Amino acid sequence: MHPFQPILYVSLRSPFARRIRLALRRLGVTYEEKFLDVFQENLELNNANPLGLVPTLMTSHGPVSDSNNILEYLNDTHGGIWPSDVRSKINARQNAVWCAGIMQSLVLYFQEAKLHEVPSPRWLKDHAESMETTLSFLSNAPDHIWLSSETGSNGLTQAAWDLSVALEYMDLRLPELNWRSKYPSFTAILDIARKSSYFCETTPPT
Ligand SMILES: N[C@@H](CCC(=O)N[C@@H](CS)C(=O)NCC(=O)O)C(=O)O
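All residue numbers here refer to positions counted from 1 along the written sequence of the relevant chain. Only residues with pLDDT of at least 70 are given local features in this predicted model, and only at 80 or more are side-chain atom pairs given and counted; all residues enter the totals for whole chains, interfaces and linings.

1. Topic: the packing of helix α1 (residues 15-27) against helix α6 (residues 158-173)
Phase 1: The convention used is that axes are lines fitted to C-alpha atoms, helices contributing only their stretch in contact, and that angles between N-to-C directions extend from 0 to 180 degrees. Numbered from the N terminus, helices here are DSSP runs of H or I no shorter than four residues, and strands are runs of E no shorter than two. As a packed pair, α1 and α6 sit with axes 10 Å apart at the nearest point and diverge in direction by 140 degrees. In terms of orientation, α1 lies oblique with respect to α6. In the crossing of α1 with α6, the sense of the turn from one axis to the other is right-handed. Only Trp161, Asp162, Val165, Ala166 and Tyr169 of α6 make contact with α1, whose side of the interface consists of Pro15, Arg18, Arg19 and Leu22. Roughly parallel covers angles under 35 degrees, roughly antiparallel covers those over 145, roughly perpendicular covers 65 to 115, and oblique covers all other angles. A clockwise turn of the near helix away from the far one marks a right-handed crossing, whereas an anticlockwise turn of less than a right angle marks a left-handed crossing. The contact criterion used here is simple: two residues whose C-beta atoms, placed from the backbone, lie within 7 Å are in contact.

2. Some details on the packing of helix α4 (residues 86-115) against α6
Phase 1: For the pair α4 and α6, interaxial distance at closest approach is 8 Å and the crossing angle is 15 degrees. In terms of their interaxial angle, α4 and α6 are classed as roughly parallel. α6 is crossed by α4, and the crossing has left-handed handedness. Of α6, the residues touching α4 (which contributes Ala92, Asn95, Ala96, Cys99, Ala100, Ile102, Met103, Leu106 and Phe110) are Gln158, Ala159, Asp162, Leu163, Val165, Ala166, Tyr169, Met170 and Arg173.

3. Overview of unusual backbone geometry
Phase 1: In this chain, Val54 is followed by Pro55 through a cis amide linkage whose omega measures 0 degrees.
Phase 2: Within the fold, Pro55 resides in the loop between α2 (43-48) and β3 (56-59).
Phase 3: Positive phi values are uncommon outside glycine, yet Asp66 reaches one of about 80 degrees.
Phase 4: Here Asp66 lies in the loop between β4 (62-65) and α3 (67-78).
Phase 5: With C-beta atoms placed from the backbone, a residue is buried if 20 or more other C-beta atoms are within 10 Å of its own, exposed if 12 or fewer are, and partly exposed between those counts. On the basis of neighbour count, Asp66 is assigned to the partly exposed category, with 18 C-beta atoms found within 10 Å.
Phase 6: With a phi angle near 55 degrees, Asn178 is a residue other than glycine that sits in the positive phi range.
Phase 7: A count of 10 C-beta atoms within 10 Å places Asn178 in the exposed class.

4. Things to note about the pairing of β4
Phase 1: Paired strands are those between which DSSP finds at least two bridges. When β3 meets β4, the two strands line up antiparallel, connected through four bridges. Note that in β4 the partner of Thr59 across the bridge is Gly62.
Phase 2: Linking two consecutive strands that pair antiparallel, namely β3 and β4, is a turn of two residues.

5. Points about α4
Count 3.6 residues to each turn of an α-helix, and residues three or four apart come out pointing the same way.
Phase 1: Here the expected length of a helix is defined as 1.5 Å per residue gap, with one fewer gap than residues. With 30 residues, α4 extends 42 Å from end C-alpha to end C-alpha; this agrees with the ideal 44 Å at 1.5 Å per step.
Phase 2: Taken together, the buried positions of α4 are Asn95, Ala96, Cys99, Ala100, Ile102, Met103, Ser105, Leu106 and Tyr109.

6. Thoughts on the domain arrangement of the protein chain
Phase 1: An automatic or database domain assignment supplies the residue ranges for each domain. What the domain assignment reports for the protein chain is domain 1 (7-78) and domain 2 (86-201).
Phase 2: Computed over C-alpha atoms, the centres of domain 1 and domain 2 are 20 Å apart.
Phase 3: Of all the elements in the fold, those that place two or more residues in the side of domain 1 that touches domain 2 are α1 and α3.
Phase 4: No other element matches the seven residues that α1 contributes to the side of domain 1 that touches domain 2.
Phase 5: Partitioned by chemical class, the residues of the side of domain 1 that touches domain 2 number four nonpolar, two polar and five charged. Three residue categories are used. Nonpolar comprises Ala, Val, Leu, Ile, Met, Phe, Trp, Tyr, Cys and Pro, charged comprises Asp, Glu, Lys and Arg, and polar comprises the others, including Gly.

7. As for the site of the ligand
Phase 1: Whether a residue is near a molecule or strand depends on its C-beta atom, generated from backbone atoms, being within 6 Å of that molecule or strand. Residues in close proximity to the ligand total 13 residues, the closest being Ser14, Phe16, Val38, Leu53 and Ser67.
Phase 2: If you list the elements that add at least two residues to the shell around the ligand, you get α3 and α4.
Phase 3: Its residues assigned to classes, the shell around the ligand shows seven nonpolar, five polar and one charged.

8. Quick look at the nonpolar core
Phase 1: Counting residues in each nonpolar core, the largest one holds 47 residues, and the members touching the most others are Met103, Leu163 and Ala166.
Phase 2: With nine residues, the top contributor of residues to this core is α6.
Phase 3: Discounting residues that sit within four places of it in the chain, Met103 has contacts with Pro15, Phe16, Val165, Ala166 and Tyr169. As used here, a nonpolar core is made of buried Ala, Val, Leu, Ile, Met, Phe, Trp, Tyr and Cys residues. They are joined through C-beta atoms within 7 Å.

9. A closer look at the sheet that holds β4
Strands in a sheet are paired, the pairing made by backbone hydrogen bonds, and the direction either parallel or antiparallel.
Phase 1: Here we have four strands laid out as an open sheet, ordered β2-β1-β3-β4, and mixed in their pairing. One side of each edge strand has no neighbouring strand; the edge strands of this open sheet are β2 (32-35) and β4. Taking the axes of each pair of neighbouring strands and ignoring which way they run, one obtains an average angle of 20 degrees across the sheet.
Phase 2: Pairing geometry for strand β1 (residues 7-10) and β3, over three bridges, is antiparallel. Considered in β3, the bridge of Leu8 is made with Leu57.
Phase 3: Where α3 meets the sheet, its contacts fall on β3 and β4, and the angle it forms with β4 comes to roughly 125 degrees.

Pasting the structure below:
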């Protein structure tokens, strides 16, 4: 009998899906990717996840959705996502949650700006402020939040992979934010991520 091969539902531009595609590749997990257009009805995805959101990972233990939850699952089953001691682990997870929060604000900003007939200036301002405040906060984080000496990590922590995904998604959806001039220290992290073939092959199309 063949071992169960996980299936990951993704969309090409979803930053949440990308953080999981990167984690699975880094861990060397063999899996199948199913690409969806999240703006269309997707019965197969809805059957797996009633929320109809990507990423959703079908596993031998059942469906696992929400990128933070999938990272926990991967750490439980394969290790290699978080450090093992409690203090370092919660600190690493918290910083990754903040990076994913930037992704969320960007998605909401994009949806408000592009999908609503009359975008609300109030919501656009709130989402942009939330991104800016979090980026500014993270720009003061110590190096150990971003740099890892673990093998197989390409020198980056999970939070650094997430920050890199958020920054490239920002280039795609909100280039006018001009993060490079405001947070120059982030360019060094993104440069390391861009040396990874996994990062390059998951770059969102324009
Ligand atoms: N908190 C979720 C967010 C997932 C999410 O918002 N995914 C978007 C794509 S970026 C999606 O699937 N949207 C489909 C829809 O809204 O119908 C996670 O971390 O996985």
